[in-house]
Amino acid sequence: RPNFLLAPSILSANFARLGEEVDDVLAAGADIVHFDVMDNHFVPNLTVGPMVCDALRKHGVKAPIDVHLMVSPVDRLIVDFIEAGASIITFHPEACDHIDRSLQLIRDGGCQAGLVFNPATPLSYLDYVMDKVDMVLLMSVNPGFGGQSFLPSTLDKLREARQRIDTSGRAIRLEVDGGVKVDNIADIARAGADTFVAGSAVFKARDEADPHRYDSVINQF
Ligand code: DX5
Ligand code: ZN
């Protein structure tokens, strides 16, 4: 997969054996770990925080950890996730009081920074911060839950985001999150995405014979 990154989302993993599940998908060829943080405030669901990210690092996970903050406010958790071993930290601009400052806070901590766009959030939030983002993440579902269907309007928005990134001349990754499956990933890639979050499509497709093996599904991506 030249230049494409597959990022399984822990949201669909078995939290009771998270370390092993993350090891298993990385061994099968996944590139980065997508770490969904929900606060029951910005989104109507509650997941895990910096302690679990730290625990994955202590367990021995070496791959980049891509922390998707669906929380408000964002700054204190940004600091905690930097400390907990995050590699990339993205947040939703509408959840944040000072977007420029929060992006800078992430980079000052040595992580890559990104903004996440809900399906109806305009890309114009990028207008004055293109030089401060390393990743643009487009939600292709409304955030909060795994297992929802990909919203087709995302394809046009991906093309627009791809154009903005190419025009900027910067090395910014374009990630897509929600409803990504083996049978729609080619269209999504053609629309300009280079980094693909897949939750249920990966974790609900364990090999039946061996629940530790994800090779067959990951090879199909
Ligand atoms: C949704 C999360 C996603 C989610 C994707 O709010 O941000 O990362 O896990 O799950 P699937 O791939 O099942 O749509
Ligand atoms: Zn996510």
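Residues numbered from 1 in each chain as written. Chains lettered and ligands numbered in written order. Predicted model: local features only at pLDDT ≥ 70, side-chain atom pairs only at ≥ 80, totals over all residues.

**Student:** Help me understand the overall build of the chain, please; the structure alone is not making it clear to me.
**Tutor:** For the chain, the helix and strand inventory stands at eight helices and eight strands. Taken over C-alpha atoms, the radius of gyration comes to 16 Å for the chain, in line with the 17 Å a tight globule of 221 residues would show. Taken along its principal axes, the extent of the C-alpha atoms in the chain is 50 × 35 × 30 Å. Buried positions account for 43% of the 221 residues belonging to the chain. A separation of at least 24 residues holds for 63% of the contacts in the chain among residues at least 6 apart in sequence. (Helix = DSSP H or I, 4+ residues; strand = E, 2+ residues; numbered from the N terminus. Rg over C-alpha atoms; globule rule 2.2 N^0.38 Å. Buried ≥ 20, exposed ≤ 12 C-beta atoms within 10 Å, placed from the backbone. Contact = placed C-beta atoms within 7 Å.)

**Student:** Where do I start with the nonpolar core in this structure?
**Tutor:** If you look at soluble globular proteins, the nonpolar side chains tend to sit buried side by side. In this structure, Val 67, Leu 69, Ala 86, Ile 89, Val 136 and Phe 196 are the most contacted members of the largest nonpolar core, which totals 68 residues. At five residues, strand E6 (residues 135-139) tops the list of elements feeding residues into this core. Dropping the residues within four chain positions of it, Ala 86 is found in contact with Cys 53, Ile 65, Val 67, Phe 81 and Cys 111. (Core = buried A, V, L, I, M, F, W, Y, C linked by C-beta atoms within 7 Å.)

**Student:** What should I look at first to understand the environment of Met 139 in this one?
**Tutor:** Tracing the sequence through the fold places Met 139 in strand E6. Separated by 92 residues in the primary sequence, Met 139 and Thr 47 place their C-alpha atoms 18 Å from one another. Discounting residues that sit within four places of it in the chain, Met 139 has contacts with Val 116, Phe 117, Asn 118, Pro 119, Asp 177 and Gly 178.

**Student:** I'm lost on the site of ligand 1 in this one. Help?
**Tutor:** For ligand 1, the set of nearby residues contains 21 residues, the closest of which are Ser 9, Leu 11, Pro 143, Gly 199 and Ser 200. When residues of the shell around ligand 1 are traced back to their parent elements, those giving at least two are strand E2 (33-38), strand E8 (195-198) and helix H7 (200-203). In terms of residue class, the shell around ligand 1 is made up of seven nonpolar, twelve polar and two charged. (Near = placed C-beta within 6 Å. Nonpolar A, V, L, I, M, F, W, Y, C, P; charged D, E, K, R; others polar.)

**Student:** Before we go on, may I ask you to explain the pairing of E6 in this structure?
**Tutor:** Working note: regular strand, side chains alternate between the two faces of the sheet. Within E6, five of the five residues are buried, leaving the element largely enclosed by the surrounding structure. Neither face of E6 is left uncovered, since the one carrying Met 135, Leu 137 and Met 139 and the one carrying Val 136 and Leu 138 both have all their residues buried. Inspection of the sheet shows strand E5 (residues 112-117) paired to E6 by four bridges, in the parallel sense. What sits directly across from Phe 117, in E6, is Leu 138. Relative to strand E7 (residues 173-177), E6 is paired through five bridges, and the arrangement is parallel. Looking at the pairing, Val 136 lines up with Leu 174 of E7. Since E6 and E7 lie parallel, the crossover through helix H5 (residues 154-168) that links them has a hand, and here it is right-handed. (Pairing = 2+ DSSP bridges. Right-handed = clockwise from strand over helix to strand, strands pointing away.)

Purely spatial values, then, with no claim about function.
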